[in-house]
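Remarks on the overall topology
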Amino acid sequence: MHINQHTESSVQTIDINIEHIDVKGQYIQLAAPIRLYGQMNTAELLTQYLSYDNQKTAQSILQIGVDEAGRGPLLGSVNVAAAILPATWSGLIEEQPLKDTPLSILTDSKQLSEKKRDILYPLVQQHAIGYIIADIPAAVIDQVNILQATMLGMRLCTESLLEVIFKKFSTTRNDKSTSLDQFKVEVLFDGNRCPDLNYDSFKKLEVALFAVDCQAWVKGDARHTSIAAASILAKVSRDETMYALDTQYPEYGIAKHKGYPTRAHMEAIEKHGVLPTHRRSFAPVRKALEIQ
């Protein structure tokens with residue numbers, strides 16, 4: 001995996017296009033590229049999580065929240081996002097770590113109005129220590145199925161952030177103020193399963209496997225602030241792609257149904273046909289193609 005990045009001040013921009021992947025030693029050429037984009041505030045990362053002083057406290061546990069949006073629609077990408085919040089903001093929602101912060105209204109994106117999600121979207125990007133968003137296109141969903149496409153997005157988001165984190169440490173490891181000795185990462189995935197990470201990519205960075213703890217959190221987007229932040233990024237970024245498609249294909253009413261199998265959507269498919277961005281492996285689309 002190659003990261004195309006540039007640094008402005010302490011913010012490292014992440015922009016990745018992935019055309020092939022390695023799954024348990026098997027090389028797979030993707031049907032379409034997967035784009036991942038985001039950023040990492042490396043100065044805050046070092047200050048809040050990698051400094052020796054902070055590792056004497058529970059703040060040495062860096063938590064990455066991961067969530068998806070768009071598994072159910074017939075149209076377009078499934079989006080996955082991962083977010084790292086400031087150390088004191090990351091925790092159980094019921095304990096209110098976001099009280100009196102700019103993200104105080106943050107909870108599960110499905111429980112928020114679109115207006116509130118749109119307000120939170122730039123705020124999460126602004127205040128997160130780091131975040132990344134993956135856009136997994138319909139062609140890849142059709143290639144590997146929706147579950148595996150979602151797991152792949154979660155894996156790639158996680159590995160990309162971890163690579164930035166561990167590479168940043170490797171460039172400062174001679175600095176006595178930083179240490180990985182007690183450093184731990186908890187990756188909190190919304191749902192009931194974790195993706196299989198490719199740990200081989202971290203071997204050259206001398207990262208111990210026990211330093212990364214993957215956890216599945218059922219309804220985690222309503223339980224943990226970091227997952228809720230990822231939920232906002234995934235949901236709003238996907239909505240943006242739907243609005244772009246609506247501009248391109250106004251006769252399908254995509255802005256209203258966001259690709260979900262509503263009656264209006266099915267009638268539009270029947271009248272106007274299947275679009276290139278429809279998921280052909282989904283039964284309603286497959287049946288529509290058989291009729292055409």
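The following paragraphs examine the structure supplied in this document. (Residues numbered from 1 in each chain as written. Predicted model: local features only at pLDDT ≥ 70, side-chain atom pairs only at ≥ 80, totals over all residues. Heavy atoms only, no water.)

**Here we look at the pattern of salt bridges**
Let me state the cut-off plainly: Note on definitions: salt bridges are taken to be side-chain nitrogens of Lys or Arg within 4 Å of carboxyl oxygens of Asp or Glu. In this description a helix means any DSSP run of H or I spanning at least four residues, a strand means any run of E spanning at least two, and both kinds are numbered starting from the N terminus. A 1.4 Å probe rolled over the protein chains alone gives each residue an accessible area, and that area as a share of the maximum for its type sets the label: buried under 20%, exposed over 50%, partly exposed in between.
Tallied over the full model, the rule gives six salt bridges. Among the salt bridges present, the one from E114 reaches K258, with a minimum N-O distance of 4.0 Å. Note that E114 is positioned in helix α2 (residues 114–127) and K258 in the loop between α7 (254–257) and α8 (263–272), a separation of 144 residues in sequence. You can call E114 partly exposed: its relative accessible area is 27%. Taken together, the shared-partner salt bridges connect R117, K235 and D239 into one network.

**Focus: the packing of α2 against helix α6 (residues 225–248)**
Put simply, the test is: To get an axis, fit a line to the C-alpha atoms, keeping to the stretch in contact for a helix; angles then go from 0 to 180 degrees between the N-to-C directions. Throughout, the term roughly parallel applies to angles under 35 degrees, roughly antiparallel to angles over 145, roughly perpendicular to angles from 65 to 115, and oblique to all others. Handedness of a crossing follows from how the near helix is turned relative to the far one, being left-handed for an anticlockwise turn of less than a right angle and right-handed for a clockwise one. For this analysis, residues touch if any pair of their heavy atoms sits within 4.5 Å.
Packing of α2 against α6 leaves a shortest axis separation of 9 Å and a crossing angle of 115 degrees. By the angle class used here, α2 and α6 are roughly perpendicular. Here α2 and α6 pass one another in a crossing that is left-handed. Touching E114, R117, D118, L120, Y121, V124 and Q125 of α2 are A229, I232, L233, K235, V236, S237, D239, E240 and Y243, all from α6.

**A closer look at the nonpolar core**
Here is the rule: Buried Ala, Val, Leu, Ile, Met, Phe, Trp, Tyr and Cys residues form a nonpolar core when they are joined through side-chain atoms within 4.5 Å.
Counting residues in hydrophobic clusters, the biggest one holds 50 residues, and the most contacted among them are L36, L62, I64, I84, I136 and I165. The element contributing the most residues to this core is helix α4 (residues 146–172), with twelve residues. Residues within four places of I64 in sequence aside, it is in contact with A82, A83, I84, L161, L162, I165, V185, E186, V187 and L188. Core analysis: the next-biggest nonpolar cluster, separate from the first, contains 22 residues, I93, L120, V124 and L233 among them.

**Thoughts on the pairing of strand β2 (residues 11–23)**
Heads up, the condition is: Here the rule is simple: two strands pair whenever DSSP picks up at least two bridges between them.
Strand direction decides the pairing type here: β2 and strand β3 (residues 26–41), joined by twelve bridges, are antiparallel. Each residue of the ladder has a partner; that of V11, found in β3, is N41. The hairpin formed by β2 and β3 contains two residues between the paired strands, and K24 there has a positive phi angle of roughly 50 degrees.

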